[in-house]
Amino acid sequence: EDYKALAEKLSTGKLDIGVFHGFEYAWVKDTPGLVPLVATVPNCGKVQACLVVSVDSKFTEVKDLKGACVVVPTSSKAHCHMYLERIRERLPAGDCCPAKNRGLTPEAALGEVANGEADAALVDVSSLIALERALPGCYKKLRILAQSEQLPPAVVVYRKDSFDAATVTKIRNGLLDCSTTGPGRLFSMFWQLKGFEDVSASYHT
């Protein structure tokens, strides 16, 4: 149902493995029995939400965005929604709100902003990087009004003592090596990942 329910089900033995967004794991990492197995590696190498406006717009701060004026593409990532919620908590009710969902892709949403058809768009940084490569002319018409800090990537977690050491190693190695196989590469592409990596010590902080 949500990250809290997932953490509880893992802790109480109803589930053995789960996947958390990085910011969700930060909220539940002290739950007894949760052990991170591997972290994901995003295609662009980082997880970050960006609030984007036209380079020619009059907006200088997020408080300048009035009403339902932020285009949020369909299937936007969870950290983007979280970032917009945090922004809106500091603003008067009704400002910097999502515009009506019209099923736009990130590229289409950014195109509308570049062409002056929308005030702002909220996208993952990977969408901006992709646009710069594919449509540099459109990219030059945009600027980042605000952006989140770089967030930790998603993490695969297992319940302590749910598997023996040999099984944990097998699962871990399978994920770490998945990008070297045909099915593994397809799996990674579907989830917009380069693959997986070991969880660093800094991840826990």
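The subject of this paragraph is the sheet that holds strand E8 (residues 155-159). Strand pairing in a sheet is mediated by backbone hydrogen bonds. Such pairs are either parallel or antiparallel. One open sheet holds the four strands; their spatial order is E1-E8-E2-E9, and the pairing between them is antiparallel. Two strands close off the open sheet at either side, each with one partner strand: strand E1 (17-20) and strand E9 (193-197). Taking the axes of each pair of neighbouring strands and ignoring which way they run, one obtains an average angle of 25° across the sheet. Sheet analysis places strand E2 (residues 34-42) next to E8, joined by five bridges and oriented antiparallel. Residue pairing in the sheet places proline 36 in a bridge with valine 157 of E8. Sitting on the sheet, helix H7 (residues 165-176) is in contact with E1, E2, E8 and E9, with an inclination near 10° to E2.

Once that is clear, we can look at unusual backbone geometry. One non-glycine residue, cysteine 96, lies in positive phi territory at about 55°. Structurally, the position occupied by cysteine 96 is in the loop between helix H3 (78-89) and strand E5 (97-98). You will see that glutamine 192, though not glycine, has its phi angle at about 55°, which is positive. With respect to the secondary-structure elements, glutamine 192 resides in the loop between helix H8 (182-190) and E9. Relative accessible area serves as the criterion here: at 42%, glutamine 192 is assigned to the partly exposed category.

Regarding helix H5 (residues 125-134), the residues found buried are Val125, Ser126, Ser127, Leu128 and Leu131. Structurally, H5 contributes buried residues whose contacts are with strand E3 (49-54), helix H4 (106-114), strand E6 (120-124), helix H6 (136-139) and strand E7 (142-147).

On inspection of all chains with the given rule, the structure shows six aromatic pairs. Ring geometry for phenylalanine 23 against tryptophan 27: centres 5.3 Å apart, planes inclined by 70°, an arrangement best described as edge-to-face. With a gap of four residues between them, phenylalanine 23 and tryptophan 27 both fall in helix H2 (residues 22-28), about one helical turn apart. A residue is classified by how much of its surface remains accessible, and tryptophan 27, at 42% relative accessible area, is partly exposed.

With respect to the helices and strands, serine 57 occurs in the loop between E3 and strand E4 (68-71). Residue serine 57 is classed as buried on the basis of its relative accessible area of 19%. A sequence separation of 59 residues divides serine 57 from glycine 116, and the C-alpha atoms of the two residues are 8.4 Å apart. Reaching out from serine 57, the side chain makes a polar contact with the backbone oxygen of serine 54 at a distance of 3.0 Å.

Next up on the list: the side chain of serine 54. Relative to the helices and strands, serine 54 is located in strand E3. On the accessibility criterion, serine 54 (13% relative accessible area) is buried. Once you skip the residues sitting within four places of it in the chain, serine 54 turns out to touch Val113, Asp119, Lys141 and Arg143.

On to H4, then. For H4, every residue scored as buried is listed here: Ala109, Leu110, Gly111, Glu112, Val113 and Ala114. A positive phi of about 80° marks glycine 116, the residue just after H4.

Thresholds applied
Residues numbered from 1 in each chain as written. Predicted model: local features only at pLDDT ≥ 70, side-chain atom pairs only at ≥ 80, totals over all residues. Heavy atoms only, no water. Pairing = 2+ DSSP bridges. Helix = DSSP H or I, 4+ residues; strand = E, 2+ residues; numbered from the N terminus. Axes fitted to C-alpha atoms, helices over the stretch in contact; angles between N-to-C directions. Contact = heavy atoms within 4.5 Å. Buried < 20%, exposed > 50% of the residue type's maximum accessible area, 1.4 Å probe, protein only. Phe/Tyr/Trp six-rings, centres within 6.5 Å; stacked < 30°, edge-to-face > 60°. Polar contact = N/O pair within 3.5 Å; in protein donor to acceptor, adjacent residues only side chain to side chain.

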